[in-house]
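Architecture and fold: a report
Each chain, written out:
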Amino acid sequence: MENINMDDINVEDMKMDFETMELPEEITKTIRDIDLEQINELIPHREPFLLVDHCEYIEYTAEQKEGLNPNEQVVLNGKSEARFLIKEDMPIFKGHFPTQPVYPGVYLLEGMAQAGSIFFKKMMNEIVGENQVTMLFSGIVKASFRKIVFPGSEIKYVTEVKNIKMKDKLFYAECKAYVGNILVSDSVIVGQPSNIKI
């Protein structure tokens, strides 16, 4: 991976210009079984900070809506489901409540952000071309931690996007984390489409 000098980066230059791209009138697609090798091609994270093992499916629609300005017409809707097995030997457990290890809430948020990045990157690859878009984690609108999560649990991350215009500078995703059928955390994650290569 190429080293990046942060002093040379202009945030405005990193933003995607979808107005100059030829966008589809309509796409409806379901992609299944995205394995670890494919995940490594979609996001730059690696162990011990890769917090998604597998993506069960990504389904989305991208369609042009009448009544919107031409550069706002393509609207995105979709959903994905990803999983992560919390290994008992993860380094974080040596220091996070070591006598009774607990999976940190910030790791749940990071896992949601990574699952969302996989979803957006795969979708954008299909819409505007391979590796044209990198999703940057830009913020959290809200987050709730509802249950304690322990080592050995498998987390299911469900990401959903509703009525996102391609023109928008920020993309919002509703994210939920489950252990079994129990909701353990939920948040709204904010991502920024960027042309930076990571």
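One can find the structure itself at the top, above this paragraph.
So, here is what we can say about the structure in this document. (Residues numbered from 1 in each chain as written. Predicted model: local features only at pLDDT ≥ 70, side-chain atom pairs only at ≥ 80, totals over all residues. Heavy atoms only, no water.)

Another point: the pairing of strand β7 (residues 182-194). Along a regular strand, successive side chains alternate from one face of the sheet to the other. The buried fraction of β7 amounts to eleven of the 13 residues, a majority that puts the element mostly inside the structure. Pairing geometry for strand β4 (residues 134-145) and β7, over ten bridges, is antiparallel. Among the inter-strand pairings, F137 is bridged to a residue of β7, identified as G191. Sheet topology note: the strand β6 (residues 171-179)/β7 ladder contains nine bridges and is antiparallel. Residue pairing in the sheet places A173 in a bridge with I189 of β7. Remark: two residues form the turn of the hairpin made by β6 and β7, two consecutive strands paired antiparallel; G180 in that turn has positive phi of roughly 65°. (Buried < 20%, exposed > 50% of the residue type's maximum accessible area, 1.4 Å probe, protein only. Helix = DSSP H or I, 4+ residues; strand = E, 2+ residues; numbered from the N terminus. Pairing = 2+ DSSP bridges.)

Below, the discussion takes up helix α3 (residues 105-128). Taking 1.5 Å per residue, 24 residues should reach 34 Å; α3 reaches 34 Å between its end C-alpha atoms and fits that length. Taking burial as the measure, the 24 residues of α3 include 21 buried ones, the bulk of the element. (Expected span 1.5 Å × (residues − 1).)

Bringing the pattern of salt bridges into the picture now. Within this structure, the stated rule accounts for five salt bridges. We note a salt bridge from R83 to E56, for which the minimum N-O separation is 3.1 Å. Of this pair, R83 sits in strand β3 (residues 74-85) while E56 sits in strand β2 (residues 54-64), and the two are 27 residues apart along the sequence. Under the relative-accessibility criterion, E56 is labelled partly exposed at 25%. Residues K162 and E174 are paired through a salt bridge, measuring 3.7 Å at the closest nitrogen-oxygen approach. With K162 in strand β5 (residues 154-165) and E174 in strand β6, the pair connects residues that are twelve residues apart, well separated along the chain. A cluster of three or more residues bridged by salt bridges with shared partners is formed by E56, E81, R83 and E154. (Salt bridge = Lys/Arg side-chain N within 4 Å of Asp/Glu carboxyl O.)

By themselves, these are just geometric observations and shouldn't be taken as functional.
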